[in-house]
Amino acid sequence: MSYTYTFWFAMAGLLLGHGFVGMGVGAIVGFVLDNLRYSQRRAAIPEAGGYVTPLFALLGAIAKADGRVSEAEIAIAERIMARMGLEGTARQQAIHAFNQGKQPEFDVTGPINALRQWVGLRRDHAFPLLDVVIETVLAEGNPSPEKMAILRQLAFALRISDMELMALMAMKGYVWQGAAGARGRAYGGGGYVPPQRNTQGPDPYAVLGINRDADERAIKRAYRKLISEHHPDRLGDLPDEMRKRAEGRASEINAAYERIKAERGFK
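Notes on the structure in this doc start here. In this text the structure is predicted, and so the values were computed from the model without any measurement.

1. Let's talk about the overall build of the protein chain
(1) Moving on: Summing up its helical and strand segments, the protein chain has twelve helices and two strands in all.
(2) Moving on: Taken from N to C terminus, the helices and strands of the protein chain fall in the order α-α-α-α-α-α-α-α-β-α-β-α-α-α.
(3) Moving on: Looking at the protein chain residue by residue over its 267 residues, the buried ones come to 45%.
(4) Moving on: A sequence separation of at least 24 residues applies to 73% of the contacts in the protein chain between residues at least 6 apart.
(5) Moving on: Accessible area of the protein chain: about 13800 Å², with a carbon and sulfur share of 54%.

2. Some remarks on the packing of aromatic side chains
(1) Moving on: Summed over all chains, the structure comprises two aromatic pairs.
(2) Moving on: Here Y51 and W118 contribute two aromatic rings whose centre-to-centre distance is 4.8 Å and whose plane-to-plane angle is 55 degrees, an arrangement assigned as tilted. Remark: W118 occurs in helix 5 (residues 109-119) and Y51 occurs in the loop between helix 1 (4-43) and helix 2 (52-64); sequence separation between them is 67 residues.
(3) Moving on: Look at W118 and you get buried, because its relative accessible area is 8%.
(4) Moving on: Measuring from ring centre to ring centre gives 3.9 Å for Y223 and Y257, while their planes differ by 10 degrees; the resulting arrangement is stacked. Here Y257 lies in helix 12 (residues 240-264) and Y223 lies in helix 11 (residues 216-230), a separation of 34 residues in the sequence.
(5) Moving on: Residue class for Y223 comes out buried when judged on its relative accessible area of 16%.
(6) Moving on: Judged by relative accessible area, which is 9%, Y257 ranks as buried.

3. Some thoughts on the pattern of salt bridges
(1) Moving on: Summed over all chains, the structure comprises eleven salt bridges.
(2) Moving on: The residue D162 makes a salt bridge to R152 at a minimum N-O spacing of 2.9 Å. Note that D162 is positioned in helix 8 (residues 162-171) and R152 in helix 7 (residues 145-157), a separation of ten residues in sequence.
(3) Moving on: K225 serves as the salt-bridge partner of E164, at 4.0 Å between the closest nitrogen and oxygen. Separated by 61 residues along the polypeptide, E164 in helix 8 and K225 in helix 11 bring together distant segments of the chain.

4. Notes on the environment of A65
(1) Moving on: Among the secondary structure elements, A65 is positioned in the loop between helix 2 and helix 3 (71-83).
(2) Moving on: Since its relative accessible area comes to 24%, A65 is described here as partly exposed.
(3) Moving on: A sequence separation of 80 residues divides A65 from P145, and the C-alpha atoms of the two residues are 9.0 Å apart.
(4) Moving on: Discounting residues that sit within four places of it in the chain, A65 has contacts with E146, K147 and I150.

5. Brief notes about helix 2
(1) Moving on: Compared with the 18 Å implied by 1.5 Å per residue over 13 residues, the 18 Å span of helix 2 between its first and last C-alpha is a close match.
(2) Moving on: Counting buried positions over the 13 residues of helix 2 gives eleven, a clear majority of the element.
(3) Moving on: When helix 2 is considered as a whole, its buried residues turn out to be V52, P54, L55, F56, A57, L58, L59, G60, A61, I62 and A63.
(4) Moving on: Its buried side turned inward, helix 2 meets helix 3, helix 4 (88-101), helix 5, helix 6 (123-137) and helix 7.

6. Digging into the nonpolar core
For soluble globular proteins, the rule of thumb is that nonpolar side chains tend to be buried together.
(1) Moving on: Grouped together as the largest cluster of nonpolar side chains are 66 residues, with contacts concentrated most on L55, F56, L58, V133, L151 and L208.
(2) Moving on: Of all the elements, helix 2 adds the most residues to this core, at nine residues.
(3) Moving on: Leave out the neighbours within four places in its chain, and F56 touches A77, I80, M81, M84, L86, A94, A97 and F98.

7. Here we look at the packing of helix 6 against helix 8
Describing two packed helices takes the angle between their axes plus the distance from one axis to the other.
(1) Moving on: The interhelical angle for the contact between helix 6 and helix 8, taken along N-to-C directions, is 50 degrees, at an axis separation of 11 Å. Between helix 6 and helix 8, the interaxial angle falls into the category oblique. For helix 6 against helix 8, the interelement crossing comes out right-handed. Where helix 6 abuts helix 8, its residues R123, F127, L130 and I134 lie against E164, L165, L168 and M169.
(2) Moving on: Considered class by class, the residues forming the contact of helix 6 with helix 8 number six nonpolar, no polar and two charged.

8. Comments concerning unusual backbone geometry
(1) Moving on: If you check the backbone angles, E105 has positive phi at about 65 degrees while not being a glycine.
(2) Moving on: Despite not being glycine, R159 has its phi angle at roughly 65 degrees, a positive value.

Criteria and cut-off values
- Residues numbered from 1 in each chain as written.
- Predicted model: local features only at pLDDT ≥ 70, side-chain atom pairs only at ≥ 80, totals over all residues.
- Heavy atoms only, no water.
- Helix = DSSP H or I, 4+ residues; strand = E, 2+ residues; numbered from the N terminus.
- Buried < 20%, exposed > 50% of the residue type's maximum accessible area, 1.4 Å probe, protein only.
- Contact = heavy atoms within 4.5 Å.
- Areas by Shrake-Rupley, 256 points an atom, 1.4 Å probe, with all protein chains shown as cover.
- Phe/Tyr/Trp six-rings, centres within 6.5 Å; stacked < 30°, edge-to-face > 60°.
- Salt bridge = Lys/Arg side-chain N within 4 Å of Asp/Glu carboxyl O.
- Expected span 1.5 Å × (residues − 1).
- Core = buried A, V, L, I, M, F, W, Y, C linked by side-chain atoms within 4.5 Å.
- Axes fitted to C-alpha atoms, helices over the stretch in contact; angles between N-to-C directions.
- Parallel < 35°, antiparallel > 145°, perpendicular 65-115°, else oblique.
- Left-handed = near helix turned anticlockwise from the far one by under 90°.
- Nonpolar A, V, L, I, M, F, W, Y, C, P; charged D, E, K, R; others polar.

Below, the structure is given as structure tokens:
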């Protein structure tokens, strides 16, 4: 538990001229606020395993979004089940959910709402979840607009911006132009351009979500923000599979930052 409010309220009480009495009163007020914040964060920690059924239903819907489910998409679903350690009844439930998601006219609103409730206030839990979904979206390479539409719908529900989604795609080695390139026929527009594989590997600037002309201060600020959101130590009781994904993203962020520092020549 953090005692940030306790410290600062105590200092405020002391500096406002009330001496040690004011310091004590401030510390008490701050301690109450710290406890309240801690309780809210604990209440927001997702229930272990509560994401499995809606997640695999959504993966099934994504796999079927372009009209057929490929062997590559089935193989990825099976690998995800294995990495999550799903066995016996849990595995059968995941398979059943995936098959449900493949059904014609399946409504993705239900599983997306369930995943939003599972994530709750923990936005840092949204990123590992999206990472799993992106893996299925990219199973066959450049994805269809229908698949991207479902991905963006989930990202919006989890309060993840297009810019942040672009960064996640960049970590997978793909270049995506954001909302303008995602609308396509799925949004009633034209000229859909799918995410394209970057043959030179992840773009470090895209990974950090910044423009190439960003100055040193903006680069450092973007890095600090990202690493604080993606650092595995912040993830609490997140399942092991999701934690490993967070560790991988943190490594990608660090690698991107180091590349930019080397190119720019700053420390």
